[in-house]
Amino acid sequence: MKKIVVLISGSGSNLQSLIDSCHSGEIDAQIAAVVSNQGNAYGLVRAQKAGIPAFYLDATQYTDRQAYDTALLEYIEQYQPDLIVLAGFMRVLTAPFVNHFTGKLLNIHPSLLPKYPGLHTHRKALENGDKEHGTSVHFVTEQLDGGPVILQAKVPIFTGDTKELLIERVKTQEHTIYPIVVEWFISGRLSMHDGNALLDNQILPPNGYSIASSTL
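Residues numbered from 1 in each chain as written. Predicted model: local features only at pLDDT ≥ 70, side-chain atom pairs only at ≥ 80, totals over all residues. Heavy atoms only, no water.

Overview of the environment of L113
When you line up the elements, L113 lands in the loop between β5 (105–109) and α5 (121–127). Judged by its relative accessible area of 1%, L113 falls in the buried class. For the pair L113 and G129, spaced 16 residues apart in sequence, the C-alpha separation works out to 17 Å. Once residues within four sequence positions are removed from consideration, L113 is found in contact with S136, H138, D145, V149, Q152 and N207. (Helix = DSSP H or I, 4+ residues; strand = E, 2+ residues; numbered from the N terminus. Buried < 20%, exposed > 50% of the residue type's maximum accessible area, 1.4 Å probe, protein only. Contact = heavy atoms within 4.5 Å.)

Right, here's the structure in full:
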């Protein structure tokens, strides 16, 4: 069975959706380990409850980002994973780390990339008066949130929406589309070549596939 390592920083709601999908057989793989850069991340508890090795790697114990990422890489390599999934991992990975795992790193970002890379995406969407928002799953490259997009899900923005309402609406879609993309990769349908995301050997468009929200 193929193996996945998941990197987290917080509550781990996307991690939970992946755990559930592996248990149900929707994803034909096992989560071999979960690593967090935050010791109080509830995602570590989720992993432990599921019987998954959970590890906290403390950045304060390392001299710089490169040293941290070297230690992270060495820990991950113990498991020889087929895929590394970033699920709310709030660190920018160094180029050597990304290049080592090129084509095996996925991330989910709460915006319709290339719109709003980086932080505070929900606030920006509201402040700019956007009519829709969403989430994107993409391959990780050296460019922050700039790797090829695989799949997006859109949600409407309603008059009177708060950031908290928008966050929950987007999270609902994240929990749906991330397992889909992970299974595409695990089953061999998804890959990255020459800076493009390919599904069934066809290059995906710049915004990837788009799923209109049906659960708001």
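Thoughts on the pairing of strand β1 (residues 2–8)
In the case of a regular strand, side chains alternate between the two sheet surfaces. Counting buried positions along β1 yields 5 of 7 residues, so the element is predominantly enclosed. As defined by bridge partners, β1 adjoins strand β2 (residues 29–36) across 7 bridges and the pair is classed as parallel. The partner of K2 across the bridge, within β2, is A29. Of the crossover connections in this fold, the one passing from β1 over helix α1 (residues 13–24) to the parallel β2 is right-handed. Relative to strand β4 (residues 83–86), β1 runs parallel, the two sharing 4 bridges. Among the inter-strand pairings, I4 is bridged to a residue of β4, identified as L83. (Pairing = 2+ DSSP bridges. Right-handed = clockwise from strand over helix to strand, strands pointing away.)

Remarks on the packing of aromatic side chains
One pass over the structure, following the stated rule, counts 5 aromatic pairs. Measuring from centroid to centroid gives 4.2 Å for F55 and Y75, while their planes differ by 15 degrees, and the two rings are stacked. One end of the pair, F55, is in strand β3 (residues 54–56); the other, Y75, is in helix α3 (residues 65–77), with 20 residues separating them in the sequence. Overall, F55 belongs to the partly exposed group, its relative accessible area being 29%. An aromatic cluster is defined as three or more aromatic residues linked by ring pairs; in this entry it consists of F55, Y75 and Y79. Looking at R91, its charged tip hangs above the ring of Y68, at a distance of 4.1 Å from the centre. (Phe/Tyr/Trp six-rings, centres within 6.5 Å; stacked < 30°, edge-to-face > 60°. Lys NZ or Arg CZ within 6 Å of the ring centre and 35° of its normal.)

Here's the deal with the pairing of β2
Extensive coverage of β2 is indicated by the burial of 7 of its 8 residues. As paired strands, β2 and β3 are joined by 3 bridges and run parallel to one another. Across the sheet, residue V34 finds its bridge partner in β3, namely A54.

With respect to α1
Over its 12 residues, α1 extends 17 Å from the first C-alpha to the last, a length consistent with the 16 Å expected when each residue adds 1.5 Å. Every buried residue belonging to α1 is among S13, N14, L15, S17, L18, I19, S21 and C22, and all of these are buried. Considering only its buried residues, α1 is in contact with β1, β2, α2 (42–49), β4, β5 and α6 (163–186). (Expected span 1.5 Å × (residues − 1).)

Details of α6
An ideal rise of 1.5 Å per residue puts 34 Å on 24 residues; α6 measures up with 34 Å between its terminal C-alpha atoms. The positive-phi residue at the C-terminal boundary of α6 is G188, with phi of around 90 degrees.

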